[in-house]
Amino acid sequence: MINARSPIPLFEQITADIRNQIESGKLQPNEQLPSETELATHYQVSRMTSRKGVDTLVHEGLVFRKPGKGTFVAAPKIAHGFSTRISFSA
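Residues numbered from 1 in each chain as written. Predicted model: local features only at pLDDT ≥ 70, side-chain atom pairs only at ≥ 80, totals over all residues. Heavy atoms only, no water.

**Topic: the overall build of the chain**
Line of reasoning, step 1. Along the chain, the regular secondary structure elements total 3 helices and 2 strands.
Line of reasoning, step 2. From first element to last, N terminus to C terminus, the chain shows the α and β order α-α-α-β-β.
Line of reasoning, step 3. Residues counted as buried form 28% of the 90 residues belonging to the chain.
Line of reasoning, step 4. Of the contacts formed within the chain by residues at least 6 apart in sequence, a portion of 51% connects residues at least 24 apart.
Line of reasoning, step 5. As displayed, the chain has an accessible area near 6600 Å², and 55% of this comes from carbon and sulfur atoms. (Helix = DSSP H or I, 4+ residues; strand = E, 2+ residues; numbered from the N terminus. Buried < 20%, exposed > 50% of the residue type's maximum accessible area, 1.4 Å probe, protein only. Contact = heavy atoms within 4.5 Å. Areas by Shrake-Rupley, 256 points an atom, 1.4 Å probe, with all protein chains shown as cover.)

Structure (structure tokens):
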């Protein structure tokens, strides 16, 4: 949950909470997030605050938006270092 008395902005607390749910597996890839209005009600903040928190997750690539459908958890990205070489057949 979020703490209104914390020096950390509310939208960052929302972002961290949803990020933790994704990383812990509580929210699975392609699972739909609640709407901005539902998040605002859940966290007891304005819709704009909940939207800013979700926008941060979209920017980080953890979630994606489908216009007219909602916001969904993105599949985990596979990271490759510069020293990793992958052939076309791999």
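**Concerning the nonpolar core**
Line of reasoning, step 1. Ranked by internal contacts, the top residues of the largest apolar core, which has 13 residues, are I14, I18, I22, L27, L33, Y43 and V63.
Line of reasoning, step 2. The element contributing the most residues to this core is helix 1 (residues 10-24), with 3 residues.
Line of reasoning, step 3. Residues within four places of L27 in sequence aside, it is in contact with I18, Q21, I22, L33 and V73. (Core = buried A, V, L, I, M, F, W, Y, C linked by side-chain atoms within 4.5 Å.)

**Remarks on the side chain of S50**
Line of reasoning, step 1. Relative to the elements of secondary structure, S50 occurs in helix 3 (residues 47-60).
Line of reasoning, step 2. For S50, a relative accessible area of 0% corresponds to the buried category.
Line of reasoning, step 3. When sequence neighbours within four positions are dropped, the list of residues in contact with S50 reads I14, E36, L39, A40 and V45.

**Details of the packing of aromatic side chains**
Line of reasoning, step 1. Per the stated rule, a full pass over the model turns up 1 aromatic pair.
Line of reasoning, step 2. Look at F64 and F72: their rings are 5.9 Å apart centre to centre, the planes differ by 25°, and that puts the pair in the stacked class.
Line of reasoning, step 3. The ring of F11 is capped by K52, whose NZ or CZ atom sits 4.4 Å from the centre of that ring.
Line of reasoning, step 4. Its end group placed over the ring of F72, K66 keeps NZ or CZ at 5.1 Å from the ring centre. (Phe/Tyr/Trp six-rings, centres within 6.5 Å; stacked < 30°, edge-to-face > 60°. Lys NZ or Arg CZ within 6 Å of the ring centre and 35° of its normal.)

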